[in-house]
Every structure is written in structure tokens, then in C-alpha cells.
Amino acid sequence: MKIAVWILLALVGIVLLLLLAALIHTLLKPAKKTTWVPSRDPDREDIYAKKLAHMVQYETVSRRDDIQREKFLGFHKVLEEEFPLLHRNLEKTEIDGALLYHWKGRHSDKPIVLMGHQDVVPAEGVWEHAPFSGDIEDGKIWGRGSADTKCTILGFMQAIEELLAEGFVPEQDIYLSSSNTEEVSGEGCPKLVKELKARGVKPYLVCDEGGAIVPEPISGIKGNFAMLGVLEKGHGNLKIIARSDGGHSSYPKKNTPIARLSKFVVELEKKDPMRVQFEPEVRDMFSTLADYAPFGYRYLFGNLWLFKPLLKKLMPVLSAQAAALLKTTIAFTQSSGSEGANVLPSEATLTLNLRYIPHQGMQESNDVIRRIAAKYDLEVEELECRDYCEPVRRDTPAFHLVEEVITDLFPGLPCVPYVMTGGTDARFYQEICDVCVRFEPVVFGPAQMKGMHGLNEYLDTYSLPIAVDFYKGLIRKA
């Protein structure tokens, strides 16, 4: 009995020492503050907002099975009107509506690719401003594509327009890549990458959408942060199929297709089968943010060596967004059964959308689903699956270039690695480029995040000079 007590006291003592060590580490590490805030430049905001409004007013909704090349050729005329110097001086290649521009530099050994997609998702529901109005009101540009991502196209095209007006010649070749099928995971961007491969171009750096300048990226951590997307999760759609002989609903059997699917769903909901783990990029994100956080956050996130097991348990419970950073996620998105209310289905289906994370990629995650489905006599069909992207190499001059531009142009704005839970066209460029950074140089608060793919998409006009300055700085520094 005495031995057990001594062991318990020893364990308590060890825990207290570890907690004390973490406390001392936190107290000795100075807290940092973000100091950058967006400035206002009414004249530039007005010029840029009118250009973006014109771009938003031209509807460019993409359809999965219909490229609608003629529609996008019409949008290209809008770009020609708004950026005449660019179109007179850069070599333009159009491939089935997708666009590739080449600005010849003094050298071609470290070319840079700047990306933004032309297409937008459908605009359904009732909007405060018509979805393709391009209204400019209360310091905002309203409409589908204003944030996702015609503002990016405006940013780099306007930057080049102004640099050309100065007579500037870039040190390195600059390419502008703009797909018309990003929102439907189409062939627009792959065709552009194929074209660059045929030319023997291996980009030094690719900069696409993904992260952004985000106010309060985690509740309680105040200030603005440049969230640089360095890891993009994979994406998979699985159809779960339950079959039977069907029958009349007046004499139902046990374990009908819908009943089996329901048991399958309940098991996944009650106990998530996917492993929770801190990827290095997630660990670095929280460690970086910890320096700018209130004391409680700094104590927890600044000492992951001690608190990681606790956070692995807590974070998936506290927030769906936090859970998505730590595991492959499972979403139930579609279902079907019998066509008659009084008919037992001979086949019922359920569609799952999975987002794969590196520590449990596509194959392993799909196998987990198959094992559970088999318990309920369910079939699994892979509809469309792609694995996670390899993380961006952050120990490279190309990645440091992006950080340096942000630090030089926007003093007091910290750079933070960020994990992309959605998908981008940048994944196609990873075939020919080691450093594909997902960063859209505009301010995205909760309203912008909610509006993208939702109702009332808009962008604050003060974001536009930020975007233009970032691209000008990147081109100059390259």
C-alpha cells in the first residue's frame, strides 16, 4: 500500500514539474503583437473597385459537363478593356477558355506563376445585392466572384498594368494562369500545366488562392495574420450502396437498405474512425499563433510537447474547423431510396465526401470506410478521389521570397503556415513546381468566408490596393 502511495505521489510530482516547466517557458518567451491594419486609399480603391465590378457583372458560372468556351471568350474581352497595356505587351495563349499570359523577363531560370480562376459557382437564393450586379456600396464590391477569385485576377493584372506604365521589365519571366473550370475540378488548369510542360517551363514559385490575410484566425487571438496555405487536403466522394429484393411497405422485413445505411451512419457519427494527429504544418501554425495569443493560449499552444495529447482530445470536440485540421473528415452529402413512399427500395445509396489528410491518406481512409460498410452488407464505390498534396517546402528561397514581400510591404503582419481544407488549382502545378503557395493577398474575415459559395459574397474595397501592392512587390523582388 505504501509503495502505491509513493508511486502516486511521484507521478503527481512529475506532472507538477512538467506543468511548471511549461509555465516557465511561457513566461520567459515574450508575447508578440500584430500591429498591421489595412490603410485606406480612396482614389485607388475607387479605380480598382470599378474594374472589379465590371468583371463581376460578367457572369462566368462554370458547368461540369459544359465548358462554355464562348462565354469565357466574352469575359476575356472585359479583361482586354480593363487592362489594355497588359494585353498589348504580354503573350496570350487561350486554351478552351483557360488563359495563360507570358511576360518576358531578363532571365528565364526562375519563372513565377500567378494564379486566379475566372469561373464562379452558381448564385442561388435571395441576395441583398443581385449576385452579378457588381454594386459598389458602403466600401464593398458585391457579387459572385468578388472574393473568389476575380479580385486576385484584378490584383495581378492591375499590378502588371502599372509596372508596364513605368517601363518596368521583370528580372524573371512572369506567367499568369487563369482556369475557367476551377470550381468544377475541370481540365482548364491541367491543360495550362501541360502547355508549360511542353515549353519546358519549371516554375520557381506558384502563388494561388487559399490562405489570405485573416483577422482573428482563432477566436481570442486578435489581429491580422497572413495565412500561407502550405498543405492541401485530398478530396474523395464515396457512394455507399445497400441492395435488397425490395418489396411492399405493408410487410417490411428487417435490415432493409435504408435501415442498414442508417446503422452505418450512426456508427460513424457515434465514434469517428479516423485518426487524430498533429501534422507538422498544423503544429507550426499553432506554435506561431501562440506567440500572439492571450496567456492561456500561449501556455497551451506554445507547449505542444506537453499538451498535444490533451489538445488532440479537445479540439475535435470544440470546433468542426479545428477537427478538420487534425484528421480525415467525413461528410454525408447525398442519399437516395425508393421512388415510391409505399415501396421498399431494392437499392438505397448514400454519398460521403472525405477530405484526406497526410497521416491517413486516400487509400487508408477509404479502406476504413469499406471495413465498416462490410459490417452492414454495404458496397462502396469510389466516384472521384484524389489524395492530399505534398506539403510545400518552406525551407526554400522561393517560400522565403513570399514571406519577405509580405514583411516588407506590410510591417507588423505575421506570416503563419496554414492547412487548406478545401481544394485549389495549385495542386496541378505541383507536378512541375516544388513551391506552390496558397495565398490570396486580400483581407478575408468571417463575412467573406461565409459569402464564398454562399449568399451575399462581397469584398471590402480597401483589400484591392493590398492585392495590387503585393503582386507588384513580388514581381519586383523576383
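None of the values given here were measured: they were computed from a predicted structure. (Residues numbered from 1 in each chain as written. Predicted model: local features only at pLDDT ≥ 70, side-chain atom pairs only at ≥ 80, totals over all residues. Heavy atoms only, no water.)

Caption draft 1: Representation of the overall build of the chain in the model. Helix and strand counts for the chain come out as 16 helices and 17 strands. For the chain, whose C-alpha radius of gyration is 25 Å, the value lies close to the compact-globule estimate of 23 Å for 478 residues. Per-residue burial over the chain gives 52% buried out of 478 residues. As displayed, the chain has an accessible area near 21800 Å², and 55% of this comes from carbon and sulfur atoms. Considering the chain, the positive charge centre built from 56 side chains and the negative charge centre built from 65 side chains are found 7 Å apart. (Helix = DSSP H or I, 4+ residues; strand = E, 2+ residues; numbered from the N terminus. Rg over C-alpha atoms; globule rule 2.2 N^0.38 Å. Buried < 20%, exposed > 50% of the residue type's maximum accessible area, 1.4 Å probe, protein only. Areas by Shrake-Rupley, 256 points an atom, 1.4 Å probe, with all protein chains shown as cover. Lys, Arg positive; Asp, Glu negative; His and termini not counted. Charge placed at Lys NZ, Arg CZ, Asp CG, Glu CD.)

Caption draft 2: Quick peek at the sheet that holds strand E17 (residues 458-460). Here three strands make up an open sheet; going across it, the order is E4-E5-E17 and the pairing antiparallel. Each having just a single partner strand, strand E4 (136-137) and E17 make up the two edges of the open sheet. Bridge count for strand E5 (residues 140-142) against E17 is three bridges, and the pairing is antiparallel. Bridging across to E17, Ile141 finds its partner in Leu459. (Pairing = 2+ DSSP bridges.)

Caption draft 3: Structural view of the pattern of salt bridges. Inspection of every chain in the model, using the stated rule, returns 32 salt bridges. Note that Arg44 is salt-bridged to Asp41, the shortest N-O span being 4.0 Å. Among the residues examined, Asp41 registers a relative accessible area of 28% and is labelled partly exposed. We note a salt bridge from Arg438 to Glu232, for which the minimum N-O separation is 2.9 Å. Taken together, the positions of Arg438 in strand E16 (residues 436-443) and Glu232 in strand E8 (residues 224-232) put the pair 206 residues apart, joining distant regions of the chain. Across the pair, Glu232 and Arg438 agree in class, each one buried. Salt bridges sharing common partners tie together Lys29, Lys32 and Asp291. (Salt bridge = Lys/Arg side-chain N within 4 Å of Asp/Glu carboxyl O.)

Caption draft 4: Expanded view of the environment of Arg283. Examined against the element boundaries, Arg283 turns out to sit in helix H8 (residues 280-290). Note on Arg283: relative accessible area 31%, which makes it partly exposed. Sequence-wise, Arg283 and Leu326 are 43 residues apart; in three dimensions their C-alpha atoms are separated by 9.9 Å.

Caption draft 5: Region of interest: the pairing of strand E6 (residues 172-178). Summarising burial for E6: seven of the seven residues are buried, a large majority. Sheet analysis places strand E2 (residues 98-103) next to E6, joined by five bridges and oriented antiparallel. From the neighbouring strand, Tyr101 faces E6, where its bridge partner is Leu176. Pairing of strand E3 (residues 107-115) with E6, which is carried by five bridges, proceeds in the parallel orientation. Its bridge partner lying in E6, Val113 is registered against Tyr175.

Caption draft 6: Geometry of the packing of helix H2 (residues 42-57) against helix H16 (residues 463-477). Running from amino to carboxyl end, H2 crosses H16 at an angle of 90°, the nearest separation of the two axes being 8 Å. Viewed along their axes, H2 and H16 adopt a mutual orientation that is roughly perpendicular. Between H2 and H16, the residues in contact are Arg44, Glu45, Tyr48, Ala49 and Leu52 and Leu464, Pro465, Val468 and Asp469, respectively. A class-by-class count of the residues in the contact of H2 with H16 yields six nonpolar, no polar and three charged. (Axes fitted to C-alpha atoms, helices over the stretch in contact; angles between N-to-C directions. Parallel < 35°, antiparallel > 145°, perpendicular 65-115°, else oblique. Contact = heavy atoms within 4.5 Å. Nonpolar A, V, L, I, M, F, W, Y, C, P; charged D, E, K, R; others polar.)

Caption draft 7: Representation of helix H13 (residues 397-409) in the model. In this model, H13 (13 residues) spans 18 Å end to end at C-alpha, consistent with the 18 Å of a helix rising 1.5 Å per residue. Of the positions making up H13, those classed as buried are Ala398, Phe399, Leu401, Val402, Val405 and Ile406. The buried side chains of H13 occupy one side of the element, clustering within an arc of 155° when seen end-on. H13 presents Pro397 and Asp408 as exposed residues on the side facing more than 90 degrees away from its buried surface. Where H13 is buried, its residues meet E3, strand E7 (205-215), E8, strand E15 (415-420), E16 and H16. (Expected span 1.5 Å × (residues − 1). Arc of directions from axis to C-beta.)

Caption draft 8: Spotlight on the packing of aromatic side chains. On inspection of all chains with the given rule, the structure shows 13 aromatic pairs. Ring centres of Trp142 and Tyr458 lie 4.8 Å apart, and the angle between their planes is 40°; on these two criteria the pair is classed as tilted. Note that Trp142 is positioned in strand E5 and Tyr458 in strand E17, a separation of 316 residues in sequence. Residues Trp142 and Tyr458 agree in their burial class; the two are buried. A cation over a ring is seen here: Arg476 above Phe168, with NZ or CZ 5.2 Å from the ring centre. (Phe/Tyr/Trp six-rings, centres within 6.5 Å; stacked < 30°, edge-to-face > 60°. Lys NZ or Arg CZ within 6 Å of the ring centre and 35° of its normal.)

Caption draft 9: Spatial organisation of the nonpolar core. Counting 93 residues, the largest nonpolar core has Leu114, Leu176, Phe286, Ile406 and Phe470 as the members making the most contacts within it. For this core, the element with the most residues is helix H5 (residues 150-165), which contributes nine residues. Those residues in contact with Leu114, other than ones at most four positions away along the chain, are Phe156, Ile174, Tyr175, Leu176, Ser177, Cys207, Tyr471, Leu474 and Ile475. In this structure, Leu352, Ala373, Tyr376 and Leu378 belong to the second largest nonpolar core, which totals 19 residues. (Core = buried A, V, L, I, M, F, W, Y, C linked by side-chain atoms within 4.5 Å.)

Caption draft 10: Unusual backbone geometry, seen in detail. That bond from Asp148 to Thr149 is cis: its omega, -15°, falls within 30 degrees of zero. Secondary-structure assignment places Thr149 in the loop between E5 and H5. A positive phi angle, near 50°, is found at Ser185, a position not held by glycine. If you trace the backbone, Ser185 turns up in the loop between E6 and helix H6 (188-198). Assessed through its relative accessible area of 33%, Ser185 is described here as partly exposed.

Caption draft 11: How the structure looks around the side chain of Arg438. Taking relative accessible area as the criterion, Arg438 reaches 1% and is therefore assigned buried. Polar contacts involving the side chain of Arg438 include one to the side chain of Glu232, which spans 2.9 Å. Here the side chain of Arg438 touches Gln430 through a polar contact of 2.9 Å, side chain to side chain. (Polar contact = N/O pair within 3.5 Å; in protein donor to acceptor, adjacent residues only side chain to side chain.)

Limitation: the analysis is restricted to geometry and does not speak to function.
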